[in-house]
Amino acid sequence: MLTLYESQRRLTAFLLLLLTFCAYFTLVVSVKHENFKTCDQSGFCKRNRAYADTASSTSLWQAPYSLDASSVKFEQGILTGTVLKKLINSDETVRLPLTISFYESGTARVTLDEERRQKGDIVLRHDSKAKKQRYNEAEKWAIVGGTSLSSGAATSKGSEKGTTNVHYGPAGTFEAVIRHEPFGIDFKRDGVAQVKFNDKGFLNLEHWRPKVEKPAEDKKEGEEAVVAESSKEVTEDQSTWWDESFGGNTDSKPKGPESVALDISFPGYQHVFGVAEHAGPLSLKETRGGDGQYSDPYRLYNSDVFEYEMDSPMTLYGAIPFMQAQKKDSTVGVFWLNAAETWIDVTKSTSSANPLSLGILGSTTTNTHWISESGLLDVFVFLGPKPQDVITAYSELTGFTQLPQQFAIAYHQCRWNYVTDEDVRDVDRKMDKHRIPYDVIWLDIEYTEGKKYFTWDPMTFADPLGMEKQLDEHERKLVAIIDPHIKNEGNYHVVDELKSKDLAVHNKEGNIYEGWCWPGSSHWVDCFNPAAHSWWKSLFRYDKFKGTAKNTWIWNDMNEPSVFNGPETTMPKDNLHYGNWEHRDVHNINGMTFHNATYHAILARDKEEDKNNVRPFVLTRSFYSGSQRLGAMWTGDNQADWPHLEASIPMILSMGISGFPFAGADVGGFFGNPSKELLTRWYQAGAFYPFFRGHAHIDTRRREPYLAGEPYTQIITQALRLRYALLPAWYTAFHEAHTTGAPIIRPNYYVHPGDEKGFAIDDQLYVGSTGLLAKPVTTEGADGVDIYLADKEKYFDYFDYWMYEGPTTVKVAAPLDTIPLLMQGGHIIPRRDRPRRSSGLMRYDPFTLVIVLGHSGDANGTLYLDDGESFDYEEGAYIHRLFEYTSATATLMSRDLTPASSSPSKKTKEYLKSMEKVRVEKIIVVNVPESWNGKKEVEVSEELEGKSAGTRMAELEWHGKVEGRAAWAVVRDPGVLIGGGWRVGFA
Amino acid sequence: MKAKDKDIAKFYKDATAFTCISNPATALPIARLNDDYCDCPDGSDEPGTSACAHLSPLSPHNPANGAGAAGSNTTLALPGFYCKNKGHVPAYVPFTSVNDGKCDYDVCCDGSEEWEGVGGVKCEDRCQTIGKEWRKQDEARQKSLGTAGKKRKELVAEAGRLRKQVEDRIQSLGTEIEGSEIKVKQLEQEVADVERKEKGRVVKGSVSKKAGKLGVVVGLAKQRTEELRETLERVRGERDSSTSRLQEVERILSTFKEEYNPNFNDEGVKRAVRAWEDYAARDKGPDVDAAHDRDLDAMTKSDKENGLDWEEYEGDDDDSEADVLYAFESYLPPSIRGWLDQKLRNLRSTLIDSGILADTSAPSSSGDSKSVTDAKDRLTAAEKEVEKHRKTLTEHQDDLAKDFGPDDVFRALKDQCVSTDAGEYTYEVCFLSKTTQKPKKGGGHTNMGNFVGLERIVVDDELPPNGKGLGSGERIAMKHENGQHCWNGPNRSTLVVLACSEVNEVWRIVEEEKCVYRMEVGTPAVCEVLGGGGGRAGMEGKKAGGVRDEL
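Residues numbered from 1 in each chain as written. Chains lettered and ligands numbered in written order. Predicted model: local features only at pLDDT ≥ 70, side-chain atom pairs only at ≥ 80, totals over all residues. Heavy atoms only, no water.

Enquirer: Looking at this structure, how should I read the overall build of chain B?
Expert: What chain B contains, in helices and strands, is 10 helices and 12 strands. Within chain B, buried positions represent 40% of all 551 residues. Restricting the contact set of chain B to residue pairs at least 6 apart, pairs at least 24 apart contribute 52%. When the accessible surface of chain B is totalled, it reaches about 30000 Å², and 52% of it is carbon and sulfur. (Helix = DSSP H or I, 4+ residues; strand = E, 2+ residues; numbered from the N terminus. Buried < 20%, exposed > 50% of the residue type's maximum accessible area, 1.4 Å probe, protein only. Contact = heavy atoms within 4.5 Å. Areas by Shrake-Rupley, 256 points an atom, 1.4 Å probe, with all protein chains shown as cover.)

Here's what the structure looks like:
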């Protein structure tokens, strides 16, 4: 009997086990939606959307804001006045000081404040210690220049009644038409309105008001408004004015409702781009529902959203409230300077063609609605007309991207976690053994002793200095992670100092805030505090952060900040920062202040006497406008699947046009195990990320490139070596970004702003100004891709010179070992073809120049070169050349792009001396004329100390057309110096 | 002319022209030899520079890479830059490392690969020191290898002795089994005899005894049955409440597991989830099933309902005791009775068919006397002994058939353990048994895999100067599988790769992938067993000696 039961029981147990396993495997890990708010769950967003709905649906909507004409003053590029807000249920008006600044750069800035809060004439609830003003220090963190006021701006009597006009910008071609009632502004270029403020009447600035306590029975949700306003037509939803709960956390909102919102329209513009960071297409979608559109606005509230979903307006780790609108041959932009939680609705309306004006087609207008929880209404307007103009103007304000050290744009090998110092050394050796170049190896949180930053786990990283020394032997670097949460544990000097010096973020009661993160109970350093900033700087000194060397750099993660037990995985909004600003006011800037403190800490870590002349490298996950000055960003915790690979391209392109081009995505995908094909394709794509790092979650299998096996390892190595060979081109692109704000990888619209058909293309990219056009394969099993060629120009396959011609869409074969990469005619691309172990070991290698001849037969390209590590370039220690090939004379010239100077600095001379032997070893000319057949020699003449130093001949080797491939030729060892002036005659 | 190997040097003899080694059609003026420009499609014109370093299948395709055809299989004719290393062993440096501004003394002790002095680097000749040190270590290594070889011989001898032991034991077991079998036969006879003698007695006794005894037994049985039923009911109630509480807790935990945030990596939470998973994956033993419950229901009903009327027995004792005792099926409700009857019959016949149960269909006596029991016990014991011997024999035979490596050598190491400290753990391998991770801070040991077999793998590692490493070539490895299950991963497994060493020692432990470990272990057991010194952690490796032989 027992035996029988036994066997039955076994079966039952087996089935149960099976069930358990099924449950285990079907558990799909993905973003926990319920952890993050929708607009409907975010009181001020819901209120403002409802406000917009009312405005749109009420036929005679009269926006309650007007500019008091008598208050308007204009002086030295600044217009001031008072906007009056008429209250719905009373005769009172609220006074809102208005400032419109016109800058020399052609940028206009509109700032609206609230007089009572400005004067501190309000009462806070709950005895809050919070500052009474609207947050007015965002500019302190974000704006670093470009604010010199326009001397030429001038008011003119408005052509329409009730308006004030200001002419400004280049040759006065820009105009701001300020409408008094209802208050609104049209920004015009050449007489045509490009950007309109409050055209739809959504302007809303929630003024301060005392809370009116109502009888308890009125408090039922959904009823109170009706009860309070029963006699009025317009009602307001007050349910989230005074406090708000989400996911078990209650926000006490001591300042009551204080949101700011405005509609900004772009008449005639079909596309808008920007407001990074989101996982979605580059061209922003509509957000008010509809087929294939979003139903929630784009949200900016920096959050630790792991395994984020694709094609979503959901917020991610960083926020850049900068938007560009694009129509044929015109780009304009706005920058919404506000650090609080922000939502942006996008809608498009198409006017049908006017039947009375023949030939005029209907046009699309993009309307946007910007909604922030608190702070000032502070908007910058850029009128273009080229994409570059808008980005340069934005970059002048928020700063240009850092010129990184050369290693930072080479390949980074990361994993959570390399488990011991020996593990690191072993990976280092194995990369060399497999002849795979890499520059940097990374350590995630496990290197610390119990997640205490600035310590090393003595068991696993007993000898960090020895490890760093080994890395340094081949000019390699170590990056170690340092996060803003400080473990709350006794006998840990960092937390002891943090507490005793009172440098942490405070809770709403004003005590040190305690939350939960990797180490468990933690405190957060408040980098808004200048004292915290100085203290943070002291922690990185080599004698303080023992075990770090000069080749140790830093990674800042979790700086949104991520708080595991906080609302939406971050801090309570009523927490208090330095100056008693509420966290709600500064949230989106928080990550940047931490990144900033670390950047300066790295600058300051050397002894006074050998002041660090080396550019810091600090990677950040959270960012805001201005973070580009401090280092690189990556797109956070992505997943090892094809959609995430695909999404990485538009996401990084979006960062590129948002003034923060030093961006990348985790190659291979952070969560999960990529197939070998996916890993290979990801490396091929990653070779075109400005920031190129392989990374993996702690629970994934090891995936260093040499583990993939053949043919994968070989193909991955080719992709890595391609990146290294093209480093001179990449570095030049970084320099361009550093000086003009230009994206490093560029979307089609940016390169071809006149080509409407290509505006939405976001799966192919141009590398800097090199004419290199790549379209990484992002689908499984692909053997080819379609590449869109926007212009009437010839394009050549990078690897075999196969010829294509635009404008059209071409098919390019892409078996696994091939990256679809074309060269646009008319460019000269600098390369260094000798494979080395790291980029530092390529410093004195010779160059190859690739001249790609297109329709015109002319070509040019630039090269920027410096020591790749120090700030000496700021003192002139660099080489900056323009290579120009002119078909008329069949000559290639190398010209100096450095500003002419009578006496070059000492640093300049030293640098040029160090490079005096570095030559051009090869010149490849693609698509050479038939007439070159039989040509054997070219004439080379060099300029020495400003004089021509005679001529010599170099051999030319000609290769005819084969099938669809272009004819090409190679100049054998012209021997000309990379830093010198010279001329090669092909005639 | 830059350094080249003597065997290759013949290609470079001509003082006026040079012909590419693999492409004899391409002839170059001698000035193009080592002029830092790559002319030959096989790179042979640049034996002393890095100009042809890009000629490799690892480089991106490029029409300008030599032959012109895109994607052509470009392979270098030379293994690398030749370092003479006078005073030491010659070696080849990869061309990618030539003139990059870093001295690669580990390969090129004479520093000749940085002849150009790029960036002002000067690599002095260190071959005297390095060579001397190397020779010293090599000598020590050779000496150690000699000792190791001797030790292996000892191990092999020991293994032979152990094998012999097993063989001897097999032989003696054979004899023992024979003896035992005879004994069993004798005992069987004895049982038969005793039984025959006892048979009459039982029948007699049964007749002479007064039947009134049954009444007492029934009274006691009734009382006892009542008690048992009450207890059963109580226990069942307790069981049900525990089960429901357990289910509730399990529900809480599975929700917890689904909803917790794995990204947060809170150790406490992770530990709890892990423990829960282990728990959930474990065989939870018998579950409450309907049939079982039905039985219980039936058993806890009153005896009358179960068809048992005590009064029937208390008053009247006509039936024989044996009949009552064996009619136990009547205690059960009719529904179960039928089912049970069927099952029992099936079971019985199965057991009888397989020889586990004796066929008692023939009527047998209802009880054995003491002498019969004793005889049977003796028989059973004897049978068991035979069984035991046979089992031992099989084990020993299996043991002989098992793979103990070349010369049976691992037989001598069986169950010997060696360990090493790495990080916060001590790692241990017990030969032919298992690998274990032991936390230094205390806490439970983790099984990293149980030995499943030997295999041969090819390794390619740099050999450290002290010789404590795998080197390159074929090596014997011990596979260990099915260790403790890993959080978010597989069952732990370990590959223990062996190389020659004077003593048994763990050199290195790495977690190659999540919960997939690799141990590098030195042992004299594998010295000089693979190829000509392959398994010997000798002096091959990066030194050019080996490379030259290939040319």
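Enquirer: What should I look at first to understand the pairing of strand β12 (residues 516-522) of chain B in this one?
Expert: The two faces of the sheet receive side chains in turn, since in a regular strand these alternate between them. Residue and element names in this part refer to chain B. Here β12 lies mainly inside the structure; 6 of its 7 residues are buried. Sheet analysis places strand β10 (residues 493-499) next to β12, joined by 7 bridges and oriented parallel. From the neighbouring strand, Ala499 faces β12, where its bridge partner is Gly522. Pairing of strand β11 (residues 505-513) with β12 involves 7 bridges; the strand directions are antiparallel. Paired with Val506 across the two strands is Val521, which belongs to β12. The hairpin formed by β11 and β12 contains 2 residues between the paired strands, and Cys515 there has a positive phi angle of roughly 65°. (Pairing = 2+ DSSP bridges.)

Enquirer: For this particular structure, what's the right way to read the state of the cysteines?
Expert: By definition, a disulfide links the sulfur atoms of two cysteines through a covalent bond. Summed over all chains, the structure comprises 9 disulfides over all chains. Paired by a disulfide, B:Cys500 and B:Cys527 hold their sulfur atoms 2.0 Å apart. On the sign convention where negative is left-handed, the bridge of B:Cys500 and B:Cys527, at about 85° about the S-S bond, is right-handed. Placement of the pair is B:Cys500 in the loop between β10 and β11 and B:Cys527 in the loop between β12 and α10 (544-550), with a sequence separation of 27 residues. Its relative accessible area of 3% is what places B:Cys500 among the buried residues. Residue class for B:Cys527 comes out buried when judged on its relative accessible area of 2%. Looking at A:Cys517, it has no disulfide partner, and the nearest cysteine sulfur is the one in A:Cys527, 15 Å off. (Disulfide = S-S within 2.5 Å.)

Enquirer: Could you clarify how one ought to interpret the domain arrangement of chain A in this entry?
Expert: When the parts of a complex come together, some accessible area is lost, and that lost area is often taken as the interface size. Residues and elements named next belong to chain A. If you check the domain split of chain A, you get domain 1 (40-230 + 252-353 + 361-398), domain 2 (406-667) and domain 3 (745-985). Tallying the contact residues gives 24 residues for domain 2 and 28 residues for domain 3. Surface buried jointly by domain 2 and domain 3 totals about 2300 Å² across both partners, of which 57% is contributed by carbon and sulfur atoms. Between Arg615 and Asp867 there is a salt bridge, and its shortest N-O distance comes to 3.6 Å. At the junction of domain 2 and domain 3, the tally comes to 12 residue pairs in polar contact (both at pLDDT 80 or more). (Domains from an automatic or database assignment. Buried area = accessible area lost by both parts, 1.4 Å probe. Salt bridge = Lys/Arg side-chain N within 4 Å of Asp/Glu carboxyl O. Polar contact = N/O pair within 3.5 Å; in protein donor to acceptor, adjacent residues only side chain to side chain.)

Enquirer: Can you walk me through the pairing of strand β38 (residues 794-797) of chain A in this structure?
Expert: All names here are of chain A. Alternating residues of β38 divide into Lys794 and Phe796 and Tyr795 and Asp797, and every residue in both groups is buried. Relative to strand β39 (residues 803-805), β38 is paired through 3 bridges, and the arrangement is antiparallel. Residue Tyr795 lies in a different strand from β39, and its bridge partner there is Tyr804. Connecting β38 to the next strand, β39, in antiparallel fashion are 5 residues, including Tyr801 with a positive phi near 65°. In the sheet, β38 pairs with strand β41 (residues 821-824) via 3 bridges, with the strands oriented antiparallel. Its bridge partner being in β41, Tyr795 is matched across the sheet by Gln824.

Enquirer: Just to check I follow, could you spell out unusual backbone geometry for this structure?
Expert: Residues and elements named next belong to chain A. The linkage connecting Glu181 with the following residue, Pro182, adopts the cis geometry, with an omega of -10°. One can find Pro182 in the loop between β8 (174-179) and β9 (184-189). Cis geometry is found at the peptide bond from Ala276 to Glu277, where omega equals 20°. Looking at where Glu277 falls in the secondary structure, it is placed in the loop between β15 (271-274) and β16 (298-300). Look at Asp329: it is not a glycine, yet its phi comes out positive at around 60°. With respect to the secondary-structure elements, Asp329 resides in the loop between β17 (322-327) and β18 (330-336).

Enquirer: Hey, could you run me through the sheet that holds strand β26 (residues 515-517) of chain A in this one?
Expert: Remark on secondary structure: sheet strands pair via backbone hydrogen bonds, oriented parallel or antiparallel. Residue and element names in this part refer to chain A. Strand order in the open sheet made by the 3 strands is β25-β27-β26, with antiparallel pairing throughout. Edge positions in the sheet fall to β25 (485-487) and β26, since each has one partner strand and no second. Strand after strand, the sheet turns through a mean of 60° between neighbouring axes, direction not considered. The strands touched by helix α9 (residues 493-500) within the sheet are β25 and β27 (520-524), with β25 carrying the most contacts at an inclination of about 110°. (Axes fitted to C-alpha atoms, helices over the stretch in contact; angles between N-to-C directions.)

Enquirer: Can you help me understand the UniProt feature "domain: Glycosyl hydrolase family 31 C-terminal" (unreviewed entry) in chain A in this one?
Expert: When the UniProt feature table is mapped onto this chain, "domain: Glycosyl hydrolase family 31 C-terminal" (unreviewed entry) is found at residues 741-829 of chain A. In the segment residues 741-829 of chain A, helix accounts for 4% and strand for 38%; the C-alpha atoms at its two ends are 21 Å apart. (UniProt positions renumbered as here; feature names shortened; annotations may be inferred.)

Enquirer: Can you walk me through the sheet that holds strand β36 (residues 772-774) of chain A in this structure?
Expert: Residues and elements named next belong to chain A. Overall, antiparallel pairing links the 6 strands, which are arranged β34-β35-β36-β41-β38-β39 in an open sheet. The strands lining the two open edges of the sheet, one partner per strand, are β34 (745-746) and β39. For β36 and β41, the ladder comprises 3 bridges, and the chain directions are antiparallel. Residue Ala774 lies in a different strand from β41, and its bridge partner there is Leu821.

Enquirer: Is there a simple way to explain the pattern of salt bridges in this structure?
Expert: Any two side chains of opposite charge can pair, given that their charged atoms come close. Tallied over the entire structure, the rule returns 100 salt bridges over all chains. In this structure, A:Arg843 and A:Glu869 form a salt bridge, with 3.9 Å as the shortest nitrogen-oxygen distance. Of the two residues, A:Arg843 is situated in the loop between β42 (827-831) and β43 (847-852) and A:Glu869 in the loop between β44 (859-866) and β45 (878-886); the sequence distance between them amounts to 26 residues. Judged by its relative accessible area of 22%, A:Arg843 falls in the partly exposed class. Here B:Arg508 and B:Glu520 are joined by a salt bridge, their closest N and O atoms 3.1 Å apart. Separated by 12 residues along the polypeptide, B:Arg508 in strand β11 and B:Glu520 in strand β12 bring together distant segments of the chain. Overall, B:Glu520 belongs to the buried group, its relative accessible area being 5%.

Enquirer: Any chance you could explain the packing of helix α13 (residues 676-686) of chain A against helix α14 (residues 712-725) of chain A here in plain terms?
Expert: For any two helices packed against each other, the geometry comes down to the angle between their axes and how far apart the axes lie. Residues and elements named next belong to chain A. At their nearest, the axes of α13 and α14 sit 8 Å apart, and the two run at 10° to each other. With respect to their mutual orientation, α13 and α14 come out roughly parallel. Between α13 and α14, the contacting residues are Lys676, Glu677, Leu679, Thr680, Tyr683, Gln684 and Gly686 on the first element and Tyr712, Ile715, Ile716, Ala719, Leu720 and Arg723 on the second. Each residue belonging to the contact of α13 with α14 can be placed in one class, and the counts come to 7 nonpolar, 3 polar and 3 charged. (Parallel < 35°, antiparallel > 145°, perpendicular 65-115°, else oblique. Nonpolar A, V, L, I, M, F, W, Y, C, P; charged D, E, K, R; others polar.)

Enquirer: It is not clear to me how the packing of aromatic side chains should be interpreted in this structure. Could you clarify?
Expert: The description of an aromatic ring pair rests on the distance of the ring centres and on the angle between the ring planes. Residue and element names in this part refer to chain A. Under the counting rule described, the total for this entry stands at 61 aromatic pairs over all chains. Arranged with centres 4.9 Å apart and planes meeting at 55°, the rings of Tyr447 and Trp456 form a pair that is tilted. With relative accessibility at 0%, the residue Tyr447 sits in the buried group. In this structure Trp456 comes out as buried when scored by relative accessible area, which is 10%. Between Phe662 and Phe691 the ring centres are 6.0 Å apart and the planes differ by 85°, which places this aromatic pair in the edge-to-face class. One end of the pair, Phe662, is in the loop between α12 (642-656) and β31 (663-664); the other, Phe691, is in the loop between α13 and β33 (692-694), with 29 residues separating them in the sequence. The same class applies to Phe662 as to Phe691, namely buried. One aromatic cluster is present, formed by Phe407, Trp442, Trp553, Trp555, Phe617, Trp634, Phe662, Phe691 and Phe734 through successive ring pairs. In this arrangement the basic side chain of Arg693 is found over the ring face of Trp442, its NZ or CZ atom lying 4.7 Å from the centre. (Phe/Tyr/Trp six-rings, centres within 6.5 Å; stacked < 30°, edge-to-face > 60°. Lys NZ or Arg CZ within 6 Å of the ring centre and 35° of its normal.)

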